[in-house]
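Listed below are the residues making up each chain.
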Amino acid sequence: MLNIDHVVKNYGDFRLYVTMEVRPGCITGLVGRNGAGKSTTFKSILDLVCPDGGSVKVFGTDSRHLGAKEREDLGVVLSDSGFSEYLTIRDIDSILKAMYKKYDSGYFLEQSARLGLSKDKKVKEFSTGMKAKLKLLVALSHDAKLLILDEPTVGLDVAMREELLDLLRAYMEADDERAILISSHIATDLEGLCDDIYMINNGSIVLHEDTDVLLSSYAVLKMDTAQYERIDKKYILQAKKEAFGYSCLTNQKHFYAENYPQLVVEQSGIDDLILFMIGGEA
């Protein structure tokens, strides 16, 4: 569905170097801090920036050579994109009818009403959250095969984020050949949505794992200095010095729980991974 092979992009002191894949039927998450390279990766996929090396294939075709049909099969939300401030939902509906052969006007208008987007208000009157809803709804309204979503839930409260995530789940359930690549700085959104997660830091992928494995096999170990010195460190991914001793990230939770029952073993989430994988001593 989407294959990014050793893509390189240089911006002064920043260098993007990314290899990743999105498979049919899967929701893939890309996580990392602001400035880590998420948006540059997305723009490289969409040929909005020209990579200095590597290749991007979408539906098996080089992204630089996508035709009109392939582009219609993409649904896109970019963090820094939007609509003219003077358009209304009615205006956007008319534009989308002209743009996409498979555009579903009934779905767009029905969901706009359900999400509280007035047909007659101008976009400039929308809140940040309403604009986020609109961008996602447009991406979902023309039967795209692949969604490329950069921070689609930014500006939304917890309840509204869950409502939009439910729309994404329904989109995937309707066709098992669809796929989504989504980035978010809200880790809990991705934990409950994605099949696999890539973590990017300073322009490079530092971790790729199935979400089920992340949640079942990864853990944070807490120990004093003496315990840290004695412990078998072959499954320690990162370690951080703390006032009490050490916190360690492992991808073999059960090994340490069985062999070191005196350790404190805490369930880790994506937030823990981000904190550990961007620093640490091991």
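For the structure itself, consult the block above.
Bear in mind that the values here come from a model prediction, so they are computed numbers and not experimental data.

Once that is clear, we can look at the nonpolar core. Ranked by internal contacts, the top residues of the largest apolar core, which has 51 residues, are F108, L134, L147, L149, L168, I180 and I182. With near-sequence residues (within four places) excluded, L134 lies in contact with F83, I89, I92, F108, L117, V123 and F126. By size, the runner-up hydrophobic cluster in this structure holds 23 residues, among which are I4, F42, L78 and L146.

To continue, consider the layout of surface pockets. Reported here for the largest pocket is a volume of approximately 450 Å³. Considering the residues around the largest pocket, the lining is formed by 21 residues, among which V76, F83, M99, Y100 and V138 are closest to the centre. Where the lining of the largest pocket is concerned, the elements lending two or more residues are helix 2 (68-72), strand 6 (74-77), helix 3 (89-99) and helix 5 (128-140). Here the residues of the lining of the largest pocket are counted per class, giving 14 nonpolar, 4 polar and 3 charged. Put simply, the second largest pocket is a space of about 180 Å³. As for the second largest pocket, its lining consists of K102, D104, Y107, L140, S141, H142, D143, L167, A170, Y171, A174 and R178. Among the elements that make up the lining of the second largest pocket, the one with the highest residue count is helix 6 (residues 158-173) (3 residues). For the lining of the second largest pocket, the per-class residue count stands at 6 nonpolar, 2 polar and 4 charged.

As a further point, take the pattern of salt bridges. If charged atoms from side chains of opposite charge come close, those side chains can pair. What the rule picks out here adds up to 14 salt bridges. Residues R64 and D62 are paired through a salt bridge, measuring 2.8 Å at the closest nitrogen-oxygen approach. According to the relative accessible area criterion, R64 is exposed, its value standing at 52%. Owing to a relative accessible area of 18%, D62 belongs among the buried residues under this scheme. Taking the shortest distance from any N to any O, the salt bridge between K69 and D73 comes out at 3.7 Å. Three or more residues are tied together by salt bridges with common partners; here these are K69, D73, K102, D143, K145 and R178.

Conventions we followed
Residues numbered from 1 in each chain as written. Predicted model: local features only at pLDDT ≥ 70, side-chain atom pairs only at ≥ 80, totals over all residues. Heavy atoms only, no water. Core = buried A, V, L, I, M, F, W, Y, C linked by side-chain atoms within 4.5 Å. Buried < 20%, exposed > 50% of the residue type's maximum accessible area, 1.4 Å probe, protein only. Contact = heavy atoms within 4.5 Å. 1 Å grid on protein atoms, 1.4 Å probe; cavity = no way out; pocket = protein on both sides within 12 Å on 5 of 7 lines; lining within 4 Å. Points joined across faces, edges and corners; volume = space filled by probe spheres on them. Helix = DSSP H or I, 4+ residues; strand = E, 2+ residues; numbered from the N terminus. Nonpolar A, V, L, I, M, F, W, Y, C, P; charged D, E, K, R; others polar. Salt bridge = Lys/Arg side-chain N within 4 Å of Asp/Glu carboxyl O.

Interpretation in functional terms is not warranted from these geometric data alone.
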